[in-house]
Amino acid sequence: MTDPTLERWRLLLGEAGGACLGGAQLDGQAAARDAAVDWLYGRDEELRRRGVRQGGTGPSTLTTFDWLDDIARLFPKETVERLQRDAVERYEIHDVVTDPAVLARIEPNPALLKAVLRTKHLMNPQVLRLARRIVEQVVRQLMDKLATEVRSAFTGTKVRRSGRFRLARNFDMVRTLRANLGRYQPETGKVVIETPYFFSRTRRHLEQWQVILLVDQSGSMVDSVIHSAVTAACLWGLPGVRTHLVAFDTEVVDLTADVDDPVELLMKVQLGGGTDIARAAAYGAGLVDQPRRAIVVLISDFYEGGDPQRLIRIVRDLVGQGSKVLGLAALDEQANPAFDRELAQRLADVGAYVGAMTPGELASFVAEHVGR
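Each chain carries its own residue numbering, running from 1 in the direction its sequence is written. Where local features are concerned, this predicted model is filtered to residues with pLDDT of at least 70; where side-chain atom pairs are given and counted, the filter is 80 or more; whole-chain, interface and lining totals use all residues. No hydrogens and no water enter the side-chain calculation; it runs on all heavy atoms of the structure.

Comments concerning the pairing of strand β8 (residues 294-299)
Stated precisely, the cut-off is as follows: Only protein chains enter the accessibility calculation, which uses a 1.4 Å probe. A residue is then buried if its area is under 20% of the maximum for its type, exposed if over 50%, and partly exposed in between. The secondary structure listing takes helices from DSSP runs of H or I that are at least 4 residues long and strands from runs of E that are at least 2 residues long, numbered from the N terminus. Following DSSP output, two strands are said to pair if at least two bridges run between them.
Of all six residues in β8, six are buried; the element is thus mostly enclosed. Burial of β8 is two-sided: the residues Ala294, Val296 and Leu298 facing one way and the residues Ile295, Val297 and Ile299 facing the other way are all buried. The sheet contact formed by strand β5 (residues 209-216) and β8 spans six bridges and is parallel. Residue pairing in the sheet places Gln210 in a bridge with Ala294 of β8.

Right, dumping it as structure tokens:
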């Protein structure tokens, strides 16, 4: 019987790893797995140069549809998702998301959502209807997760008065120590607590704030575009918050009318093109009604194709009038940004907060200011 560890090494290396099995051939399910892996990674020139996976000697008879059926049968779900992600992102096998037969069978996941958004301009109406299923299912999953984080952030603010619920998370240490300092014991160095105090969580009257999301829809920002749409939908209708969502490249498109329907919103986004951040910032500044109750969130990699000096002036003016300006190089689950650090630093120098956030962190930032 073949050692499972050696068999995995053989599958990883392809024919070049035949020595792992002492020259023995794969058979049965292992051979089928090797063929499925080779269909995808055997096309990789870099791997072939390194002798990692040489690929077969004959032409493959597998179609994309056959391959998807095979990997679903041969591999666990996590491996299937990784193979699908590499197919659409690394090797740009577009028929994974443009072939009706494939779309009808494929299991929706975030990688496929991104692929749909990148290739929907290639789809005819029939295929686009099937692709929408992927968008709807993945967005629903993201909404379920993020809505919980947003509700938690907006549950209420702590106010400094004694509360009925004596829970550890509501313990008011500062007030408790101040009230009991008279019971300090020098010999032990301890304060005897006679009366503990706790915060009371309550919903305060909220004056309305504007949250204006300006989202760069260049191709590199696809993760942030998706999470911006879902975040805006979760913020929509919350007490004390009026949400705007604006997408931009060299043009500016106000998508606020679709904020409550993130699926429709994403289907309208056009990824790619140039970038005029200053133009988008000027449009966002024009939406501000009450400067001291506005949060302008600029989500971009800050590679400006427009006028950087104009962008700096607009941000400086927004900060000067009392608005909060966030410059986010990423808004997604990982919050791993890649951006023009020089321009980002110039924005920070005029008062913008610049960094990266998860959607939950952005919701907490908004809740903190709205609840004041």
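With respect to unusual backbone geometry
You will see that Glu92, though not glycine, has its phi angle at about 50 degrees, which is positive. Looking at where Glu92 falls in the secondary structure, it is placed in the loop between α5 (77-90) and α6 (95-98). Here Phe302, not a glycine, exhibits a phi torsion of approximately 65 degrees, which is positive. Residue placement: Phe302 occurs in the loop between β8 and α14 (308-320). For Phe302, a relative accessible area of 0% corresponds to the buried category.

Topic: the packing of aromatic side chains
Rule in force here: Side-chain rings of Phe, Tyr and Trp (the six-membered ring for Trp) are treated as a pair once their centres are within 6.5 Å; stacked means planes under 30 degrees apart, edge-to-face means over 60, and tilted covers the remaining angles.
This model, assessed by the stated rule, comprises three aromatic pairs. Measuring from centroid to centroid gives 4.7 Å for Trp39 and Trp67, while their planes differ by 25 degrees, and the two rings are stacked. Taken together, the positions of Trp39 in helix α2 (residues 28-41) and Trp67 in helix α4 (residues 64-74) put the pair 28 residues apart, joining distant regions of the chain. With respect to class, Trp39 is no different from Trp67; both count as buried.

Considerations on the pairing of strand β6 (residues 241-248)
When you tally the buried positions in β6, you get seven out of eight residues, the bulk of the element. Here β6 runs beside strand β7 (residues 252-254); their pairing, made up of three bridges, is antiparallel. Bridge pairing in β7 places Phe248 opposite Val252.

Let's talk about helix α13 (residues 277-287)
Structurally, the α-helix is built with 3.6 residues per turn, so residues lying three or four positions apart point the same way. Defined as follows: Here, two residues are considered to be in contact whenever any of their heavy atoms come within 4.5 Å of each other.
Those residues of α13 that fall on the buried side of the exposure criterion are Ile277, Ala278, Ala280, Ala281, Gly284 and Leu287. Contact partners of the buried residues in α13: β5, β6, β7, β8 and α14.

Brief notes about empty space enclosed by the protein
Summary: where empty space remains is shown by rolling a probe the size of a single water molecule over the atoms. Applied cut-off: Only protein atoms enter the 1 Å grid used here, on which a cavity is any set of points holding a 1.4 Å probe that cannot leave and a pocket is any open set flanked by protein within 12 Å on both sides along at least five of seven lines; residues with an atom within 4 Å of a point are listed as lining. Grid points are joined across faces, edges and corners, and a volume is the space filled by probe spheres set on the points. Only Asp, Glu, Lys and Arg are considered charged in this grouping, and only Ala, Val, Leu, Ile, Met, Phe, Trp, Tyr, Cys and Pro are considered nonpolar; every other residue, Gly among them, is considered polar.
In total, this model carries two cavities of 30 Å³ or more according to the counting rule given. Looking at the largest cavity, its volume works out to about 40 Å³. Residue lining of the largest cavity: Val215, Val225, Ser228, Leu245, Ala247, Leu255, Leu265 and Val269, and that is the complete set. Where the lining of the largest cavity is concerned, the elements lending two or more residues are α11 (222-235) and β6. When its residues are assigned to classes, the lining of the largest cavity shows seven nonpolar, one polar and no charged. The calculated volume of the second largest cavity comes to roughly 30 Å³. Taken together, Leu214, Ala281, Val296, Leu298, Val315, Leu318 and Val325 make up the lining of the second largest cavity. When contributions to the lining of the second largest cavity are tallied by element, the ones reaching two or more residues are β8 and α14. Considered class by class, the residues forming the lining of the second largest cavity number seven nonpolar, no polar and no charged.

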